[in-house]
Amino acid sequence: MPTPFLPTRAFQAYQIFAANTNVGKTIFATGLCRAAAIVAKESNRDVFYLKPVQTGYPVDSDERHVKTYHNSSILNSDTLYTYPDPVSPHIATDKPPHDMEVLDKVKQQMLDYVRQQKQNGSYFFLETAGGIHSPVMSGTPQVDFYRTLRLPTLLVGDSNLGGISTTLTSYESLNMRGYDIPTILLFDQPNYRNHVLIGDRVKDIMVATIPPPPAPLEDPVLEQQSMSKYYAQVDDYLVPVIKHLDLKHMERFDRLETMAQKSRDTFWWPFTQHELVKEVTVIDSAHDDYFTTYDKAGNPKEMFDSCASWWTQGLGHANPELTKAAAYAAGRYGHVIFPESTNEPALALAEKVLEKDEWASRVFFSDNGSTAMEVALKMAMSATAKRYDFSIKAPVEILGIDGSYHGDTIGTMDACSPNVYNEQVQWYEPKGHWLKPPSVHISHGRAYVRLPAEIAQYHKKDKVYYNSVDDIYSVQEQGQKRDETLAASYANYIRSELKSLKDQKRRIGSLLMEPILMGAGGMIFVDPLFQRTLIDIVRNEGSQLLYGVDESSAKGWQGLPVVFDEVFAGWYRLGKRSASEFLGVTPDITAYAKTLTGGLLPLALTVTKESIYDVFLSENKPDCLLHGHSYTAHPMGCAVAKTSIESLDKMAVEKSGAWAPFRDAWKGNIWSMWTPKTVDQLSKLDNVESVMTLGSVLAVELKDDQTKGYGSSVSKSIIQYLRSGQFKNGFDGTTETGVNLFARPLGNIVYLMTSQITTQERVQQCEQALLETLKNN
């Protein structure tokens, strides 16, 4: 369903920010309301004015001033929060309302205006308080507080001495946060003429002026007469401004309403069968956990990003701290060459990562997860080939887990078993052996491990039940003692497979896995006991089982290099910094990406040990790791990643912080942002095979008797229903403003994923929407 408080072609909404206090913001707001009323009268439209926060009330009242000098019956106005002390809002009250409460009240008032407006529409002006960084009651800067609305912004500049700097600084700060600024308004001060230079600096933006107001008079009657005469004069200056805003508004919606079709005609989308695309999601902006989208008719919809934008989001869209980190690095460096060079963002990031990955000593930079894994494979294969004296032309393969996905470069495709992602690629050549994984599930409220037939033959059953999911994930503390009988069955299966590879004389160069969760393969939660047992056997017995030699005492790595693909699961996606923490072991090489930068910029790291690095040391340059990119270790990405890591690490150690309520709900070794109650309810639905969750990931396996896996279409109607917003859990409790979930299917798996900053309230909305959808489909 649409989200009616957002701007539409009919609801022409603006926010009035000021470069400073005492620059005439309320005078401009009054003049704009008057000018809008003059234009609106011709088209039978309304004018609405809202002052969310007013201090110094009732002595001061911007709304009262606007109404006094408006002289029109079509103006509707309101003030939401008033405080008597004429001070900044953050010290005007000792009981500040929560930001969400204030924002919801603003949205509700805007919604009321939409419902009141005439058929032809309306103008709406929201006047802020003070300068752009002046705070709301909680202390949050207004420029960040109002960002979720992202209304087109009218910036009232400072026409006084020194005002050029404050105006341009305010403009840049708004621009850096994604605000559109169609107009900058100033008083025409002949002594300073700030508007002339500002106009030269912002050539694509209308810079308009009005005469400064007359000096105030002590007699209130004479003062009102003087200002009334002044505003009548100002009308001639601001009516053209309103007409300019009309033009920009129409251009905006003309573009929004044609973007879907133009994109169909222009783009080649990844992972998309274009013949099946029924609706293009036009994303006008993104903030926090939400998209603002528009359909081809120009109707707005606020959508919860419940796929975390392809699993990248950690700290929310348009996070101001990440944006500032990127801007600083861009201003200081742009991009600089990396080979044989260094820069502070790159070095600081590497040091920060190695503080956590104490097992490692080297960091290789790239720009995406697939490439980071390609680099990891080169490292691992070369190390193994040197140790076991492989011929340079001898084929080398990987030992992996069936259902894994490591990217779409040729090497990473070949490192995966045949699947939907590579079966249509003519040059795909599988180079490995993949073990069948046991997986973790919850069904009818019970936690269990599902064993594939290849393992079940050793264990004499295909399901092993446990008292709780927490028991399953106790491997970090207990190792194989979690379930010694099952561990023995795993070991028998693994040893048998390794012996078979030896008999076939196959050269295995590394053990490659996505620890704990295989994402693109269908959100497969692999039993941690299986992965731990596999790693232990490869390290302790691998060289003997595969090559008949004893390398258990070798320095650095043992058996085979163990490569972890943590592109998806790393950096707290599953509730722990590294997915390896669930296993109680560390890899020899690991790859990070996605949430590494909090979802802002592409960056990837391949982290490894000195023993792997040493393999490439030589006096001969071609012996080095011949891999790189023009934008390797881009300072912007590195600066953002360091900021993201610091923020996430802080959240992880805060006992009463944002994650505390989620941890408290689970009361165990593992935790999730999705509540145990909801997981239990989902697991008991008739159309659900099983459920599983860790951290911010919730995966629901749907029953499908026809086609399982990526090719299944059973989730199609469910995904469409989730996106429709037909739920009674909007901010005003109506279906009209219900939550819309932007979800993506993985065959017969419906998954929802939050960022790491999602609140309990938002999770509850998503849970209610998912439960309602599955019950109705």
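As a starting point, this report considers the structure included with it.

Conventions adopted
Residues numbered from 1 in each chain as written. Predicted model: local features only at pLDDT ≥ 70, side-chain atom pairs only at ≥ 80, totals over all residues. Heavy atoms only, no water. Helix = DSSP H or I, 4+ residues; strand = E, 2+ residues; numbered from the N terminus. Rg over C-alpha atoms; globule rule 2.2 N^0.38 Å. Buried < 20%, exposed > 50% of the residue type's maximum accessible area, 1.4 Å probe, protein only. Contact = heavy atoms within 4.5 Å. Areas by Shrake-Rupley, 256 points an atom, 1.4 Å probe, with all protein chains shown as cover. Lys, Arg positive; Asp, Glu negative; His and termini not counted. Charge placed at Lys NZ, Arg CZ, Asp CG, Glu CD. Pairing = 2+ DSSP bridges. Core = buried A, V, L, I, M, F, W, Y, C linked by side-chain atoms within 4.5 Å. 1 Å grid on protein atoms, 1.4 Å probe; cavity = no way out; pocket = protein on both sides within 12 Å on 5 of 7 lines; lining within 4 Å. Points joined across faces, edges and corners; volume = space filled by probe spheres on them. Nonpolar A, V, L, I, M, F, W, Y, C, P; charged D, E, K, R; others polar. Phe/Tyr/Trp six-rings, centres within 6.5 Å; stacked < 30°, edge-to-face > 60°. Expected span 1.5 Å × (residues − 1). Polar contact = N/O pair within 3.5 Å; in protein donor to acceptor, adjacent residues only side chain to side chain. Axes fitted to C-alpha atoms, helices over the stretch in contact; angles between N-to-C directions. Bend = angle between axes of the 7 residues up to and from the residue. Parallel < 35°, antiparallel > 145°, perpendicular 65-115°, else oblique. Left-handed = near helix turned anticlockwise from the far one by under 90°.

### Details of the overall build of the chain
Counting secondary structure elements, the chain contains 23 helices and 27 strands. In terms of overall dimensions, the chain is globule-like: its C-alpha atoms have a radius of gyration of 30 Å, near the 28 Å expected for 777 residues. Dimensions along the principal axes, computed over C-alpha positions, put the chain at roughly 105 × 65 × 55 Å. A total of 777 residues make up the chain; the buried ones form 58% of that total. By sequence separation, contacts in the chain at least 24 residues apart represent 73% of the contacts at least 6 residues apart. Here the chain displays about 32800 Å² of accessible surface, and carbon together with sulfur accounts for 50% of that area. In the chain, the 77 positive side-chain charges and the 92 negative ones have mean positions that sit 3 Å from each other.

### Quick notes on the environment of Ile401
Looking at the secondary structure, you find Ile401 in strand 12 (residues 397–401). Sequence separation between Ile401 and Arg252 is 149 residues, and the spatial gap between their C-alpha atoms is 49 Å. Contacts of Ile401, omitting those with residues within four sequence positions, involve Trp434, Leu435, Pro437, Leu512, Met513, Met518, Phe530, Gln531 and Leu534.

### Considerations on the sheet that holds strand 9 (residues 290–294)
Strand order in the open sheet formed by four strands is 8-9-10-25, and the pairing between neighbours is mixed. Each end of this open sheet is capped by a strand with a single partner; those strands are strand 8 (282–287) and strand 25 (740–741).

### Some details on the nonpolar core
Counting residues in hydrophobic clusters, the biggest one holds 155 residues, and the most contacted among them are Tyr473, Met523, Phe530 and Leu534. Broken down by element, this core gets its largest block of residues, ten residues, from helix 11 (residues 369–387). Once residues within four sequence positions are removed from consideration, Phe530 is found in contact with Ile401, Leu435, Lys436, Pro437, Pro438, Ile455, Tyr490, Tyr493 and Ile494. Among the nonpolar cores identified, the runner-up in size contains 46 residues, and Val106, Phe124, Tyr171 and Val202 belong to it.

### Re the layout of surface pockets
Roughly 1400 Å³ of volume is contained in the second largest pocket. Together, 47 residues line the second largest pocket, and Met100, His287, Asp288, Ile757 and Arg762 are the ones closest to its centre. Listed by contribution, the elements that provide at least two residues to the lining of the second largest pocket are helix 3 (99–116), helix 4 (142–145), helix 9 (320–332), helix 19 (635–653), helix 20 (660–666) and helix 23 (760–776). The element that contributes the greatest number of residues to the lining of the second largest pocket is helix 3, accounting for five residues. For the lining of the second largest pocket, the class distribution of residues is 17 nonpolar, 18 polar and twelve charged.

### Description of the pairing of strand 24 (residues 697–702)
In terms of residue burial, strand 24 counts as a mostly covered element, since six of its six residues are buried. Side-chain alternation along strand 24 places Val697, Ala699 and Glu701 on one buried face and Leu698, Val700 and Leu702 on a second face that is also buried. Pairing between strand 23 (residues 688–694) and strand 24: six bridges, direction antiparallel. By the bridge assignment, Val688 is partnered in strand 24 with Leu702. Of the pairings in the sheet, the one linking strand 24 to strand 27 (residues 749–753) comprises five bridges and is antiparallel in character. Looking at the pairing, Val700 lines up with Val750 of strand 27.

### Observations concerning the packing of aromatic side chains
Following the criterion strictly, the structure yields 31 aromatic pairs and no others. Judged by centre distance (4.8 Å) and plane angle (50 degrees), the ring pair of Tyr405 and Tyr421 falls under tilted. With a gap of 16 residues between them, Tyr405 in the loop between strand 12 and helix 12 (410–414) and Tyr421 in the loop between helix 12 and strand 13 (432–435) connect regions that are remote in the sequence. Classification of Tyr405 by relative accessible area gives buried; the value is 16%. Take Tyr421: its relative accessible area is 16%, and that puts it in the buried class. One aromatic cluster in this structure is built from Phe11, Phe48, Tyr113 and Phe124.

### Re helix 10 (residues 344–356)
Along an α-helix, residues three or four apart share an orientation, since each turn contains 3.6 residues. Taking 1.5 Å per residue as the helical rise, helix 10 with its 13 residues ought to reach 18 Å, and the 19 Å between its terminal C-alpha atoms agrees with that figure. Of the residues making up helix 10, those classed as buried are Pro345, Ala346, Ala348, Leu349, Ala350, Lys352 and Val353. Residues of helix 10 that are buried in the fold lie against strand 11 (362–366), strand 21 (589–592), strand 22 (604–608) and helix 19. N-capping of helix 10 is provided by Asn343, with a side-chain oxygen placed 3.0 Å from the backbone N of Ala346.

### Things to note about the sheet that holds strand 3 (residues 75–83)
Read from one edge to the other, the open sheet built from seven strands follows the order 3-2-4-1-5-6-7, with strand pairing classed as parallel. The sheet is open, and its two borders are formed by strand 3 and strand 7 (206–210), each paired with just one other strand. Adjacent strand axes in the sheet meet at a mean angle of 20 degrees, parallel and antiparallel pairs treated alike. Across five bridges, strand 6 (residues 183–187) lies against strand 7 in parallel orientation. In the sheet register, Leu185 faces strand 7, and the bridge partner there is Ala208.

### Let's talk about the side chain of Asn343
You can see Asn343 is positioned in the loop between helix 9 and helix 10. A distance of 3.0 Å separates the side chain of Asn343 from the backbone nitrogen of Ala346, its partner in a polar contact. Setting aside its immediate chain neighbours within four residues, Asn343 contacts Tyr333, Val336, Phe338, Ala633 and Pro635.

### Focus: helix 7 (residues 220–266)
At Met259, helix 7 shows its maximal bend, which comes to roughly 45 degrees. You can read the cap of helix 7 off the contacts: a side-chain oxygen lies 2.9 Å from the backbone nitrogen of Val221, and it is on Asp219.

### Description of the environment of Val39
With respect to the secondary-structure elements, Val39 resides in helix 1 (residues 25–43). Residues Val39 and Asp588, 549 residues apart in the sequence, show an inter-C-alpha distance of 69 Å. The residues contacting Val39, other than those within four sequence positions of it, are Tyr123, Val239, Ile242, Lys243 and Asp246.

### Observations concerning the packing of helix 22 (residues 716–724) against helix 23
Two elements in contact, helix 22 and helix 23, have axes whose closest approach is 10 Å; the angle formed by their N-to-C orientations is 135 degrees. By the angle between their directions, the pair helix 22 and helix 23 is classed as oblique. Considering the relative orientation of helix 22 and helix 23, their crossing is right-handed. Taking contact as the criterion, the partners of Ile718, Tyr721 and Leu722 in helix 22 are, on helix 23, Ala769, Leu770, Glu772, Thr773, Leu774 and Asn776. Each residue belonging to the contact of helix 22 with helix 23 can be placed in one class, and the counts come to six nonpolar, two polar and one charged.

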